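Breakdown of the fold
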Amino acid sequence: MATANSPKSFFNLESRPNKDGTRLIYFNMSYGYFEYNQLTGYKKYIPLRISTKERLALKDWDKVNEKPTASYRASRGKDLGNNLERIKNICEDELLYYNKINTKIPEPKELKRLVEVKLDRRKEVFVDITIKSFIVKLIEHNKSLSQTAKGKIGDKQIEKYETVVRQLSGYEEELGKPITFMNFNNNNFFEFLDYTNKELQKNPLFPHGYLVNSIAKNANTFSALLRKARAKRVEMILDLDDENLRINEVEAVDSEVFISEANLEKIINANVCGSQEFINARNYLIICSLTSLRYQDMQHLHELEVEDYENKGVKFKGFITLIRKVSSIASPIEVCIPILRPVQDVLNENDGRFPKFPSNQVMNRQLKKFSQYINLDEEVGVGRWYYKYEEPVEEYIPFYKLVKCHIGRSSYVTNMAEMGILHTVTEYITHPTTPKNISQSIYNKASLVAKATLLVNELKEKSKSDIYLI
């Protein structure tokens, strides 16, 4: 389907003349909208066609160039030309605006309605509605859709919308008035967030309220709902394009939490009792802790092959993988990572290949469940950033609650450093970059394996643990 950026348009005269011999001028615009007939398999393209309410005699119309003749324009056609151009611009602008807001193109009858409003030919009755009622209707409409319907919103997202409805109800009760799109401005946006935070603080389990990152996610959910309203042309005084409405997330306070060598040994020796969840979690923690890989790279491991490498007489098994966080289309970054013994054991259990892992969200849940099962429950002191707090609050949290998909990198770095392996040896994996003045092909063929060899030699010399054997 054509995009809204490539409409094709022309003017034409009505086929039938009026009593005085003049004919209506119509504006036509093709923009890729079509209806598909499932029986015949044919597409029927339907353009926008709208009257300009301007009339012209056939003799004054240049049929070849689809506009008034040069002589007519020279004598008395300036106003007519300006009005035709105005109508053309309004049609194109409304098409582009609708496409931008809704990420699709409108039906011709809907586009015509929008254009007629802009041309003051149609009056839309404006009714101020409450934000809560809009969200409730959105939820109810979603429930009426089949599970496979286009645009169906998932249950998790609907739960978030329902939370916003409950919060708005409480906010309205506190203010003693309904919250509508026309009495809710940018200041009210933050007042609403402050209200939700104070309400959470009333719960003894959450005396500090929301974490900054949690309130940021809540704000994004609320903004997304307001954008849905704007897409449906709901009038509002809130400026959704104000960048100040976005709350920036802070770096995770548990980013430096790591799996110690002792806990890694617990993980390796754990009895998973045949549970696929525990097998996933155990394998994930072993591999990520001994490769430094993040989730976006871990989920592609099953596509890779383990190979035998040799450099300067040193032999080892390893694999080359793309590091996606620092890669770009123009400059992909790859590393060669040696296979340590526990990782090789995982490969042996999976017919020599890396296992597949579920989604990030599911994996995080399984990691916590498994970590609690094997009693990784020692309390860890962490500083947590709460909304409206100027300093982090130190809290002690059971370790298993802090285990997430990203924990591999900090575990790899910390345990290698504690063995006395310098960061200059491991940073080719943990902080990979493309060396300047070296072509990518040469870098991939030689330097990757050479750098991995340095790490292999260091491990052979300094590792006193079975975990870090090649």
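Refer to the structure presented above.
Residue positions within a chain follow its written sequence, with the count starting from 1. Per-residue local features of the predicted model are confined to residues with pLDDT of at least 70, and side-chain atom pairs are confined, for both listing and counting, to 80 or more; whole-chain, interface and lining totals are unaffected and use all residues. Side-chain metrics rest on all non-hydrogen atoms present in the structure, leaving aside hydrogens and water.

Working definition: helices are DSSP H or I runs of at least four residues, strands are E runs of at least two. Numbering for both runs from the N terminus. Regarding its fold elements, the protein chain presents 16 helices and 12 strands. Viewed in the frame of its principal axes, the protein chain has a C-alpha envelope of about 105 × 65 × 45 Å. Partly exposed residues are those whose accessible area sits between 20% and 50% of the maximum for their type, while under 20% is buried and over 50% is exposed, using a 1.4 Å probe and protein chains only. When burial is assessed residue by residue, the protein chain has 42% of its 470 residues classed as buried. When checking whether two residues touch, look at their non-hydrogen atoms; a contact exists if any pair is within 4.5 Å. A sequence separation of at least 24 residues applies to 65% of the contacts in the protein chain between residues at least 6 apart. Residue exposure ignores everything except the shown protein chains as possible cover, and the areas themselves are Shrake-Rupley values with a 1.4 Å probe. Within the structure as shown, the protein chain displays about 27000 Å² of accessible surface, and the carbon and sulfur contribution to it stands at 49%. Only four residue types enter the tally: Lys and Arg on the positive side, Asp and Glu on the negative side; His and the chain ends are excluded. Taken as the charge location is NZ of Lys, CZ of Arg, CG of Asp or CD of Glu. Both charge centroids of the protein chain, one from 69 positive and one from 62 negative side chains, sit 9 Å from each other.

Note on pairing: DSSP must find at least two bridges between two strands before they are called paired. With antiparallel pairing, 3 strands are arranged side by side in an open sheet as β1-β2-β5. Two strands in the sheet have a free side with no partner beyond their single neighbour: β1 (8–13) and β5 (48–57). Across the sheet, the mean angle from the axis of one strand to that of its neighbour is 20°, orientation sign disregarded. Pairing between strand β2 (residues 22–30) and β5: 7 bridges, direction antiparallel. Only the stretch in contact is used when a helix axis is fitted, and all axes are lines through C-alpha atoms; the angle between N-to-C directions ranges over 0 to 180 degrees.

As a further point, take the packing of helix α14 (residues 407–418) against helix α15 (residues 423–430). For the pair α14 and α15, interaxial distance at closest approach is 10 Å and the crossing angle is 165°. As summarised for this structure, α14 and α15 are arranged roughly antiparallel, according to the angle between their axes. Considering the relative orientation of α14 and α15, their crossing is right-handed. Every residue of α15 that contacts α14 at Arg409, Tyr412, Val413 and Met416 is listed here: Thr426, Ile429 and Thr430. Amino acids are sorted into nonpolar (Ala, Val, Leu, Ile, Met, Phe, Trp, Tyr, Cys and Pro), charged (Asp, Glu, Lys and Arg) and polar (every other residue, Gly among them). Within the contact of α14 with α15, the residues separate by chemical class into 4 nonpolar, 2 polar and 1 charged. Here is the rule for angles: anything less than 35 degrees is roughly parallel, anything more than 145 is roughly antiparallel, 65 through 115 is roughly perpendicular, and the remaining ranges are oblique. For a crossing to be left-handed, the near helix must be turned anticlockwise from the far one by less than a right angle; the clockwise case is right-handed.

As summarised here, the arrangement of the 3 strands in space is β8-β9-β10, forming an open sheet in which the pairing is antiparallel. Looking at which strands have only one partner, the edges of the open sheet turn out to be β8 (307–311) and β10 (334–338). The mean inter-strand angle of the sheet, taken between neighbouring strand axes irrespective of direction, is 50°. Direction of pairing for strand β9 (residues 314–322) relative to β10: antiparallel, over a ladder of 5 bridges. What sits directly across from Thr321, in β10, is Val335.

Glancing now at the packing of aromatic side chains. The description of two aromatic rings rests on the distance between their centres and on the angle between their planes. The aromatic pairing rule takes the rings of Phe, Tyr and Trp, using the six-membered ring of Trp, and pairs them if the centres are within 6.5 Å, calling planes under 30 degrees apart stacked, those over 60 edge-to-face and the rest tilted. Under the defined criterion, the tally for this structure stands at 16 aromatic pairs. When the centroid spacing of 5.7 Å and the interplanar angle of 55° are considered together, the rings of Phe278 and Phe370 count as tilted. With Phe278 in helix α9 (residues 276–289) and Phe370 in helix α12 (residues 360–373), this pair connects stretches of sequence that are 92 residues apart. When its relative accessible area of 10% is taken as the criterion, Phe278 is described as buried. One aromatic cluster is present, built from ring pairs that chain together Tyr171, Phe184, Phe189, Phe190, Phe192, Tyr195 and Phe222. Criterion for a charge above a ring: Lys NZ or Arg CZ within 6 Å of the ring centre, and within 35 degrees of the ring normal. A cation sits over an aromatic face here: Lys43 above Phe34, 4.7 Å from the ring centre.

Let us look at helix α7 (residues 212–231). In a helix, the anticipated span is given by 1.5 Å times the number of residues less one. The first and last C-alpha atoms of α7 sit 28 Å apart over 20 residues, in line with the 28 Å expected at 1.5 Å per residue. Turning to α7, its buried residues are Val212, Asn213, Ile215, Ala216, Ala219, Thr221, Phe222, Ser223, Leu225, Leu226, Ala229 and Ala231. Arg233 occupies a position one or two residues after α7 and carries a positive phi of about 65°.

The topology assignment puts Thr291 in the loop between α9 and α10 (295–298). Judged by its relative accessible area of 1%, Thr291 falls in the buried class. Once residues within four sequence positions are removed from consideration, Thr291 is found in contact with Met298, Phe319, Ile337, Tyr412 and Ile429.

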